[in-house]
Amino acid sequence: MAILINRKTKVLLQGITGKMGGLHTKYMLDYGVDLVAGISPGKGGSKVGGVPVYNTVPEALEHTAIDATLVLVPPYAAKECAIEAIESGIKLVVVISEFVPIHDTAYVKQLAIERGVRIVGPNTIGVISPGKTKVGIMPGSIYSPGPVGVVARSGTLTHDIGATLTEMGIGQTTCIGIGGDPIRGMDFIDVLKEFAADDETKVVVMVGEIGGTGEELAAKYLETGYPKPVIAFIAGQTAPAGKRMGHAGAIISGGTGSSASKYTALAKAGAIVTKTFSEMIAAVREALATEEARGRQLLGKGRAAGI
Amino acid sequence: MRLFEHEGREIFAKYGIKVSAAVLVRSVEEALKAVETLGYPVVVKAQVLTGGRGKAGGVRIAANQAELIEHTGRILGLVIQGEKTESVLLNEKIEIAQELYAGATFDPQNGLPVLMFSTSGGMDIEEVARTTPEKVLRMHLPPTQPVRGFRIVDFLRGSGLQADLLPKVAQVLQKLIEVFHGSDATTAEINPLVITRQGEVVAIDSKMVIDDSSLARQQIVPRFEAGTPLEARARNGGLNYVQLEGNIAVLGSGAGLAMATMDLISHYGATSACFLDTGGGISSEKMAEALRICLATPGVKGVLVNAFGGINNCEWMGRGIANVIDEDKPTVKILVKMRGHSQDEGWKLLEDRNIPVVKFGTTEEAVVQIVGLVGKGA
């Protein structure tokens, strides 16, 4: 199953003729992504890595169906590209661009909500369902298919946790970076809901960081009862207060947004909180074993009842 | 980026919000000249970016020339929460009938712009919101829809404001929303917004924060917080760098990864000399500069490079590191954990120079290794 994207997802790349566009066209094709088209106004009719280029999204839609788009354009162009995708009816828009103005994100987020479109990002690595497809810029080789869902604010931490899980022989259903900005499309809660409904995802790893309130809001949601084990890790335990740690969203100010407050909220909500990667891996292993045992038990009961 | 009060007032005026008459001065001589048009009494206000200037003695009323000389002289150079006052704003003294608060910001819970209003103006609004939340009205403004005037009047009805003031105040709020969107602000506050004895609505202070990602399109020259020389150098190179006091420099290809690496270093009993996040899209040159800054960090005994070739690739990053090794021949211990696009090419560049590389291990293993190489001493 996986969430958001699967083997059949037809992917568009907005910004395909840029330097990054060309590079990631190659990486995506190498990974087996069904990259059906690219957009670059004024360059319609050409091809990048064998992928047809169109001037506009509506033009591309005359030639192919599109399920998801990767927006890989300069920050001030991201808003128009996202609006074009949303208004053209694409249901999943992944905005990679970093330094997108916050007012642009707020507008796109609201428009997407009104139109029933899902936005991932901005300032994200995107989404990967390992072994199936990716709509993102992550190196596919470090991820592997399996039963763990990963959601993180930080892109590089998504990579690192994906790679660590893979090293330990634990695969993933889907890994998603929701982005490092203070306002983002899908937030933890939206992704947690997707994982809850996905049969293949047995355990969820949630990776937060200092700043903002996304983790605390997710904790409130988890408190209402979540069907799967959630293992949480918060980056920035040793970050000094008042300093912006790289991401626009990562700053501890006025006592709010510290890793301690996030850990406390998540622990109270029943998440398994871990402070190091080895603790996290151990917790994932244990949760998977427990879920597997429960699955066997249910199966046994079902058989006994003749189902 | 925070704006000074006088900069925010200029923006308010540009959008048609009436502001009290004021003149920015940088010396007592300038103040004496400015007061000729403003007259006495005059309010002398320190122009600083930090809060709490009132409590720190940064706002005074001068009734005559002697007081103006005294207050201006004292406030210029006054250090408020570590920030030296370089200029003061002389403000006409307004006869106030009522003090209000008006603000626009983003609601972090849902990403929507939110308009805020209170008749408890002139006070610390965060304190008012904490102790008497019912006194701060809030209205979300979906950015895809126009804000209708009647909605604002309707919103203000519950504030306790006199009926005859509703349309006048609503007009200012409408303009404040225009300021908020038009100047890419993340915060636009007027505190206090006053009703004068003559019944006018006038802004006598401003607090504005502009989104850092929008400075270029707003044609605002970035003004950075004071930092160490290395922090300034990193900023110029487009790198996020925070200087700390330990001995292991953390160079990460992303903020989350670099922070988690620092956390693990601390967990294993050592301390970080710095946090450096290269951001995405790193070139060889940028990686080289990042490494050089880490190597120049005071107290550094080891550098842990923890990077992924995602939007950037490992060959470019490896070449940057290799160039520093070849050109600078550093003696500080360097450990590189790097994976992702073009990793084989990147690894080869490092191995050719005998730089230890963690290829498939975890961040935790890399941290244990660098702590072992460098030792735990601070």
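A quick note: this is a predicted structure, and the numbers were derived from the prediction, not measured.

### Comments concerning the overall build of chain A
And step 1. Along chain A, the regular secondary structure elements total nine helices and 14 strands.
And step 2. Scaling as 2.2 N^0.38, a compact globule of 307 residues should have a C-alpha radius of gyration of about 19 Å, and chain A matches this with 20 Å.
And step 3. When its C-alpha atoms are laid out on the principal axes, chain A stretches across 60 × 60 × 35 Å.
And step 4. Taken across its 307 residues, chain A has 57% of its residues classed as buried.
And step 5. Excluding contacts between residues fewer than 6 apart, the proportion of contacts in chain A whose partners are at least 24 apart in sequence is 70%.

### Some remarks on the sheet that holds strand β2 (residues 42-46) of chain B
All names here are of chain B.
And step 1. Reading across the sheet, the four strands line up as β1-β6-β2-β3 and stay open at both edges, with antiparallel pairing between neighbours. Taken across any chain shown, the strands that pair with only one partner, and hence form the sheet edges, are β1 (22-25) and β3 (59-62). Across the sheet, the mean angle separating the axes of adjacent strands is 25 degrees when strand polarity is ignored.
And step 2. Pairing of β2 with β3 involves four bridges; the strand directions are antiparallel.

### Observations concerning the domain arrangement of chain A
Residue and element names in this part refer to chain A.
And step 1. You can read the domains of chain A as domain 1 (1-124) and domain 2 (138-307).
And step 2. Taken over C-alpha atoms, the centre of domain 1 sits 26 Å from the centre of domain 2.
And step 3. Each partner contributes residues to the interface: domain 1 has 17 residues there, and domain 2 has 21 residues.
And step 4. Listing elements by their share of the side of domain 1 that touches domain 2, those giving two or more residues are α4 (102-115) and β7 (118-120).
And step 5. Per-element accounting of the side of domain 1 that touches domain 2 gives the leading share, five residues, to α4.
And step 6. Here the side of domain 1 that touches domain 2 is built from residues that sort into eleven nonpolar, four polar and two charged.

### Observations concerning the domain arrangement of chain B
As a measure of interface size, the accessible area lost when the parts come together is often cited.
And step 1. Domain boundaries assigned for chain B yield domain 1 (1-20 + 95-221), domain 2 (21-93) and domain 3 (229-374).
And step 2. Inter-centroid distance (C-alpha atoms) of domain 2 of chain B to domain 3 of chain B is 47 Å.

### Some remarks on the interface of chain A and chain B
And step 1. Every contact between the two is made by 55 residues of chain A and, on the other side, 48 residues of chain B.
And step 2. Those elements that place two or more of their residues in the side of chain A that touches chain B are α1 (19-31), α4, α5 (155-167) and α9 (277-304) of chain A.
And step 3. For the side of chain A that touches chain B, the class distribution of residues is 29 nonpolar, 17 polar and nine charged.

### Re the nonpolar core
And step 1. V71(A), V93(A), V94(A), V250(B), F275(B) and L276(B) are the most contacted members of the largest nonpolar core, which has 157 residues in total.
And step 2. If near-sequence neighbours (up to four positions away) are discounted, V250(B) is found in contact with A258(B), T261(B), M262(B), I265(B), S272(B), C274(B), F275(B), L276(B) and L304(B).
And step 3. With 33 residues, the next largest nonpolar core counts I17(B), A104(B), V179(B) and I204(B) among its residues.

### Quick look at the pairing of β2(B)
All names here are of chain B.
And step 1. The buried count for β2 comes to five of five residues, which makes it a mostly enclosed element.
And step 2. Here β2 shows two buried faces, one formed by V42, V44 and A46 and the other by V43 and K45.
And step 3. Where β2 lies against strand β6 (residues 88-92), five bridges are found, and the strand directions are antiparallel. Bridge pairing in β6 places V42 opposite E92.

### Some thoughts on the sheet that holds strand β13 (residues 240-243) of chain B
Residue and element names in this part refer to chain B.
And step 1. As summarised here, the arrangement of the six strands in space is β13-β15-β14-β16-β17-β18, forming an open sheet in which the pairing is mixed. Two strands in the sheet have a free side with no partner beyond their single neighbour: β13 and β18 (357-358).
And step 2. Here helix α11 (residues 343-351) sits on the sheet in contact with β16 (302-309), β17 (333-340) and β18, set at roughly 165 degrees to β17.

### As for the packing of helix α6 (residues 188-197) of chain A against helix α7 (residues 214-223) of chain A
Residue and element names in this part refer to chain A.
And step 1. Where α6 meets α7, the axes come as close as 8 Å, and the angle between the chain directions of the two elements is 40 degrees. When the interaxial angle is binned, α6 and α7 end up oblique. The segment α6 lies against α7, with F188, I189 and L192 engaging G214, E215, L217, A218 and Y221.
And step 2. When the residues that make up the contact of α6 with α7 are grouped by side-chain class, the tally is six nonpolar, one polar and one charged.

### Topic: the environment of I355(B)
And step 1. Positionally, I355(B) belongs in the loop between α11 and β18.
And step 2. The spacing of I355(B) and I321(B) is 34 residues in sequence and 9.5 Å in space, taken between C-alpha atoms.

### Side note on helix α8 (residues 255-267) of chain B
All names here are of chain B.
And step 1. An ideal rise of 1.5 Å per residue puts 18 Å on 13 residues; α8 measures up with 18 Å between its terminal C-alpha atoms.
And step 2. For α8, a buried count of eleven out of 13 residues is recorded, marking the element as mostly surrounded by other parts of the structure.
And step 3. Of all the residues in α8, the buried ones are A255, G256, L257, A258, M259, A260, T261, M262, D263, L264 and I265.
And step 4. Directly after α8, the chain includes G269, whose backbone phi takes a positive value near 85 degrees.

### Focus on the pairing of β13(B)
All names here are of chain B.
And step 1. Neither face of β13 is exposed, since N240 and V242 on one face and Y241 and Q243 on the opposite face are all buried.
And step 2. The sheet contact formed by β13 and strand β15 (residues 272-277) spans four bridges and is antiparallel. The partner of N240 across the bridge, within β15, is D277.

### Thoughts on helix α10 (residues 314-328) of chain B
All names here are of chain B.
And step 1. Taking 1.5 Å of rise per residue, the 15 residues of α10 would be expected to cover 21 Å, and the 21 Å separating its terminal C-alpha atoms lies within 8% of that figure.
And step 2. For α10, every residue scored as buried is listed here: C314, W316, M317, G318, G320, I321, A322 and V324.
And step 3. Residues of α10 that are buried sit in contact with α9 (284-296), β16, β17 and α11.
And step 4. Positive phi shows up at K329, right after α10, with a value of about 45 degrees.

### Considerations on the confidence of the model for chain B
And step 1. For chain B, per-residue confidence averages 93 on the pLDDT scale, and residues scoring 70 or more make up 99% of the total.
And step 2. Within chain B, helix α4 (residues 125-131) of chain B has the poorest average pLDDT of any element, 84, and strand β11 (residues 201-203) of chain B the best, 98.

### A closer look at unusual backbone geometry
And step 1. The step from Y40(B) to P41(B) runs through a cis peptide bond, and the omega angle for that step is -10 degrees.
And step 2. If you trace the backbone, P41(B) turns up in the loop between α2 (28-38) and β2.
And step 3. Phi at L4(A) is positive, roughly 65 degrees, even though this residue is not glycine.
And step 4. Summarising the element assignment, L4(A) is placed in the segment before β1 (10-14).
And step 5. Despite not being glycine, N354(B) shows a phi value in the positive range, around 60 degrees.
And step 6. You can see N354(B) is positioned in the loop between α11 and β18.

### With respect to the environment of T186(B)
And step 1. Residue position: T186(B) is located in strand β10 (residues 185-196).
And step 2. Look at T186(B) and you get buried, because 24 C-beta atoms sit within 10 Å.
And step 3. If we ignore the near neighbours within four places in the chain, the residues touching T186(B) are I102(A), T105(B), F106(B), V209(B) and D211(B).

Definitions and cut-offs
- Residues numbered from 1 in each chain as written.
- Chains lettered and ligands numbered in written order.
- Predicted model: local features only at pLDDT ≥ 70, side-chain atom pairs only at ≥ 80, totals over all residues.
- Helix = DSSP H or I, 4+ residues; strand = E, 2+ residues; numbered from the N terminus.
- Rg over C-alpha atoms; globule rule 2.2 N^0.38 Å.
- Buried ≥ 20, exposed ≤ 12 C-beta atoms within 10 Å, placed from the backbone.
- Contact = placed C-beta atoms within 7 Å.
- Pairing = 2+ DSSP bridges.
- Axes fitted to C-alpha atoms, helices over the stretch in contact; angles between N-to-C directions.
- Domains from an automatic or database assignment.
- Nonpolar A, V, L, I, M, F, W, Y, C, P; charged D, E, K, R; others polar.
- Core = buried A, V, L, I, M, F, W, Y, C linked by C-beta atoms within 7 Å.
- Parallel < 35°, antiparallel > 145°, perpendicular 65-115°, else oblique.
- Expected span 1.5 Å × (residues − 1).
- pLDDT = per-residue confidence, 0-100.

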